[in-house]
Amino acid sequence: MKYTFLLSILLFSSIQILAQLTGQKPGLKTPFNQRPEICQLTGTVIDESNDKSLEFATVAVLYAGNDSLMNGGLSDKKGKFAIDKLRPGRYKIKIDFIGYESKIIDNVMLKPKQGECAIDLGKIPVSTGNLNLNEIEVTAERNFLQNNLDRKSYRIEKLATADGSSATEILKNIPSVEVDIDDNISLRGNQNVTVLIDGKPSSLTGAGRSAILDQIPANSIESIEVITNPSAKFDPDGMSGIINVVLKKNALQGLNGSVTVGAGTGNKYNGSLNLGYRTKKINLYTNYGYNYRERWGKGNSDNELTNDPENIFQNQNSNSTRRKESHLIKGGADFYLSQKSIFGLSATVNTSEGDDDGNERTVEKIGTELSRDFNRIEAEIEEDQSIDINAFFEQKFKKKKQELIISANHSRSKGDEKNEYTQIYNVFDTQTLFENFYTNTKNQVSTIQTDYTHPITETSGLELGYKSIFRTIENDFQAELFDHEQQKFNPNTLLNNRYEYNEGIHAVYGLYTHSIGKYSIKAGLRAEQALTEFQPKDNPSDSIYTNNYFSIFPSVFLTRDLGDRKKIQLSYTKRINRPRTRQLNPFINYSDPTSLRKGNPRLNPEYIDAVELGYEQKIKAFNISTSIYYRYVDNMMRRVINQINATTTELTFNNFDNSQSYGIETVINGQLFDKWRNNFSFNLFRTITNGENLEENLNADALGWNLKYIGNIALWQGADFQVMVFYNSPRDIPNGRIKQFVWSDLGFKQKFWKNKASLSLSIQDIFDTRQFSIDVIRPTIIKSFTRKRESRIANLTFTYRFGKQDFSKRKKNRGNRQGGGGFEDAGF
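Parameters at a glance
Residues numbered from 1 in each chain as written. Predicted model: local features only at pLDDT ≥ 70, side-chain atom pairs only at ≥ 80, totals over all residues. Heavy atoms only, no water. Helix = DSSP H or I, 4+ residues; strand = E, 2+ residues; numbered from the N terminus. Areas by Shrake-Rupley, 256 points an atom, 1.4 Å probe, with all protein chains shown as cover. Core = buried A, V, L, I, M, F, W, Y, C linked by side-chain atoms within 4.5 Å. Buried < 20%, exposed > 50% of the residue type's maximum accessible area, 1.4 Å probe, protein only. Disulfide = S-S within 2.5 Å. pLDDT = per-residue confidence, 0-100. Contact = heavy atoms within 4.5 Å. Salt bridge = Lys/Arg side-chain N within 4 Å of Asp/Glu carboxyl O. Patch = residues over 30% accessible without salt bridge, like charges linked within 9 Å, V, L, I, M, F, W, Y side chains within 5 Å. Pairing = 2+ DSSP bridges. Axes fitted to C-alpha atoms, helices over the stretch in contact; angles between N-to-C directions. Phe/Tyr/Trp six-rings, centres within 6.5 Å; stacked < 30°, edge-to-face > 60°.

Now for the overall build of the protein chain. Along the backbone of the protein chain there are four helices and 44 strands. Of the roughly 37800 Å² of accessible surface on the protein chain, a fraction of 54% belongs to carbon and sulfur atoms.

Written as structure tokens, this is what we have:
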């Protein structure tokens, strides 16, 4: 605790010292960065040939000293613009509009006069000159990070190291997010995170979300949003927060699109096609993604069982090769019924098939005597299909910011899997064992939601909403065992199990926001009724497990604008983490006869109280965002390994008493030198787990940290080189310790043909160091295992964009409908 506290003081003190070095003193004789932001610049952009006003012209305000961007904006329907929060000084004004030559206005002096600091540039004519619209090169690019106090949004097109990869590989590049060797996703060191697709729960992100995300091509993704402390407006699921995967959607006028093809080492291929057509009345869009991947894996496990008169030593060594082919199609239409009404429909379809060949050898000794030696060979075949259908209606009113959004979503998926196991005994002349396992799963999620925003005054507002989620999961597992005497397979009813899980969640929420000067508050309350039922179906006498509970989730956000582009925010939220079906299923999984697995149908959800203090400041070309966070978890869910007999362990789940975790996270984003852009994130955390309600001394005190760096260097015109480095420190878990791991990715991208095409080369885990290792120490077992999957992969990707790249009639960016604030970050 004392080290975390000291580090927190040092970080915040460093920021404050830097702020003091640029302390505010009015007047032009003081250094530029010390002047207050009290000036305003206005003007009107018109067409030189006909004096007509131009809407959506881009106005950039550059500091005359070094041409660095200080602020900017867009012209309105009358061509007018107003840019505030400028310091007294000399500026250069640059005006851009598609189809027109850039307009430069030099030596614009902003100087306070009689307590005011404002200049009206009047009418500013711009000319088409000799430009050909079809040859215009669109060079404006949005930054990699859109940084707000309540969320961070990362644009995927800026990640050269992710080209040709999947959604899972992209998440490895996102600050605060970790992906382990089994593609389990963590946020700030915690795997209890909610993953959404386009802001909605989906069967795509259910129990098999890691496998599904691995099928979504990187080129089908627009951005990744990370929300670490969501308000009462959001679903309360996920201890550590929300990760939202935003798929691409057309934003340009006319017909446009792009084609991407790529190939990677070890038989990996991908491709995508994005098409869009937009007019004043309708926006049509579709994208298709293809992904084929082959990937090998290997593992080693050493176990020592100490509950026998003689110690039992067991070694397991495994190798596998996995092949997966997937197709993802998204299509939709937005209808602009009027200037204030929009109706939209969209659908996403995903299909995949694959196979997995594996071989695990187990060698066991009692003392020095060999007791068992066998190979377990697996052949797996699987097929999956899913579809998401969405509809929404958005109505704006005369009152600014007043709007009503009604949305509905239905998602359905199914999967079929066949596993053939052959167990060959290498000693004692034992008959070979043949087993077949068949698994069929069905998953349905339906959502109805209404959100209403009502401004009360210019500085206060009210948000109200209702949401219902209906979820059904069906699982049918059948096993059969080969009978050598009858020379046929017979059902193994001991292992067969079927179950159905039904969940209904109904919620209402209210949020009140109010600003007074430099202070603002957002307070909310969400009331939720959950109805859950887990029903085994193999035996009519099997118990039906129900768990119905009512919960209240408050949230409070207090924000103080410190001026000079500095903000501080204190927030509190209450959240929940519900058990998944694999954690509830009481039937034993015998796929590995030495390491059994079963769920606990009496597992209860865990509740989380989260407090976060965030500070954000822009210092020259850098944005610094620092957060101190604390989480208290009641009824914490954790996996427990029990010793069944001398040679067999069983993994199950239980509710621990509680846990506490706290940490500090810093994200620094910006430009170090002229062509060197950087993103650095650091997270230090400590987790204290109390499990004495289950077993004496079942506690853990873990201190861990990780860092991630992404650097982008502009080599020459249209060429970028990118490097990503990630390090995760070792940390303790109940009865064990996870070892450290580190890896690095490289990427190079070259744009050509007036930015219409690009060729990129990326190499993931260039030093081949990425693997997962863990040690488990319990009174009766000492276990150490390491797993590694193919991670050093090179991808070559080509992208071509076509169509009319016309932004002139593009609607203003509404931002994310579920919150916002803050300012856009510098850097890439």
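By size, the foremost hydrophobic cluster in this structure holds 28 residues, and its most contacted members are Ile174, Val177, Ile185, Ile221 and Ile224. Going through the elements one at a time, helix H2 (167-171), strand S10 (177-179), strand S11 (185-187), strand S12 (194-197), strand S13 (221-227), strand S14 (242-247), strand S37 (719-728) and strand S40 (741-752) are the ones with two or more residues in this core. Membership of the second largest hydrophobic core comes to 22 residues, among which are Val45, Leu54, Val59 and Val61.

Moving on to the state of the cysteines. Scanning the model with the defined rule gives one disulfide in all. Across the disulfide from Cys39 sits Cys117; the S-S distance is 1.9 Å. The sign of the S-S torsion, about 85°, decides the handedness of the disulfide formed by Cys39 and Cys117: right-handed. Note that Cys39 is positioned in strand S1 (residues 39-47) and Cys117 in the loop between strand S6 (103-110) and strand S7 (118-126), a separation of 78 residues in sequence. Neither Cys39 nor Cys117 differs from the other in exposure class; each is buried.

With 83% of its residues at a pLDDT of at least 70, the protein chain reaches an overall mean of 81. Below a pLDDT of 50 lies the segment residues 1-27, which in the model reaches 36 contacts outside its immediate sequence neighbourhood of four places, other chains included. In this model, residues 805-828 is a region of pLDDT below 50 whose contacts with residues beyond four sequence positions or in other chains number 78 contacts.

Inspection of the entire model under this criterion finds 25 salt bridges. A salt bridge links Glu394 to Lys396, with the nearest nitrogen and oxygen atoms 3.5 Å apart. Residue Glu394 is classed as buried on the basis of its relative accessible area of 1%. With its nearest N and O atoms 3.5 Å apart, the salt bridge here joins Lys574 to Asp609. Of this pair, Lys574 sits in strand S28 (residues 566-577) while Asp609 sits in strand S30 (residues 606-619), placing them 35 residues apart in sequence. A relative accessible area of 22% places Asp609 in the partly exposed class. What you see here is one network of salt bridges that share partners, running through Arg322, Lys324, Asp356, Glu380, Glu382 and Asp384.

Residues Ile521, Val556, Leu558, Leu570 and Val611 make up a contiguous nonpolar surface patch of about 340 Å² in total accessible area. As for its position among the elements, Ile521 is in strand S26 (residues 519-536). The class of Ile521 is partly exposed, set by a relative accessible area of 33%.

Below, the discussion takes up the pairing of strand S15 (residues 254-264). Successive residues of a regular strand alternate their side chains across the two faces of the sheet. The sheet contact formed by S15 and strand S16 (residues 268-278) spans 11 bridges and is antiparallel. Considered in S16, the bridge of Gly264 is made with Lys268. Here S15 folds back onto S16, and the loop between the two strands holds three residues, one of which, Gly266, carries a positive phi near 75°. Pairing between S15 and strand S44 (residues 793-803): nine bridges, direction antiparallel. Across the sheet, residue Ala263 finds its bridge partner in S44, namely Leu796.

Strand-to-strand pairing in sheets goes through backbone hydrogen bonds, with the strands running parallel or antiparallel. In space, the three strands of this open sheet follow the order S4-S1-S7, with mixed pairing throughout. Looking along the sheet, the strands with just one partner apiece sit at the ends: strand S4 (80-86) and S7. Across the sheet, the mean angle from the axis of one strand to that of its neighbour is 20°, orientation sign disregarded. Where S1 lies against S4, five bridges are found, and the strand directions are antiparallel.

Turning next to the packing of aromatic side chains. Where two aromatic rings form a pair, the distance of their centres and the angle of their planes describe that pair. Evaluation of the coordinates by the stated rule reveals 20 aromatic pairs. Where Phe434 meets Phe482, the ring centres are 5.5 Å apart and the plane angle is 80°; that geometry is what we call edge-to-face. Of this pair, Phe434 sits in strand S22 (residues 433-457) while Phe482 sits in strand S23 (residues 460-483), placing them 48 residues apart in sequence. Classification of Phe434 as partly exposed rests on a relative accessible area of 27%.

Backbone geometry places Asn755, a non-glycine residue, at a positive phi of 70°. Relative to the helices and strands, Asn755 resides in the loop between S40 and strand S41 (757-764). You can call Asn755 buried: its relative accessible area is 19%. Non-glycine residue Asp765 carries a positive phi angle of around 50°. Residue placement: Asp765 occurs in the loop between S41 and strand S42 (772-778). Its relative accessible area of 2% is what places Asp765 among the buried residues.

To continue, consider the sheet that holds strand S2 (residues 58-63). Spatial strand order, S3-S2-S5-S6: four strands in an open sheet with antiparallel pairing. Unpaired on one side and paired on the other, strand S3 (69-74) and S6 mark the two borders of the sheet. The average angle at which neighbouring strand axes cross in this sheet is 20°, direction not considered. The pairing of S2 with strand S5 (residues 89-96) spans six bridges and is classified as antiparallel. When the bridges of S5 are listed, Val61 appears paired with Ile93.

What follows covers the environment of Leu684. Tracing the chain through its elements places Leu684 in strand S35 (residues 676-690). In the structure, Leu684 is positioned 45 residues away from Ser729 in sequence and 9.7 Å away in space, judged by C-alpha atoms.

So, about the side chain of Ser460. Tracing the chain through its elements places Ser460 in strand S23. With a relative accessible area of 8%, Ser460 lands in the buried category. Beyond its immediate sequence surroundings of up to four residues, Ser460 is in contact with Pro455, Tyr512, Thr513 and His514.

Moving on to the environment of Ile781. Following the sequence through the fold, Ile781 ends up in strand S43 (residues 781-789). Apart from residues no more than four positions distant in its own chain, Ile781 is found in contact with Glu304, Leu305, Thr306, Gln643, Thr649 and Val776.

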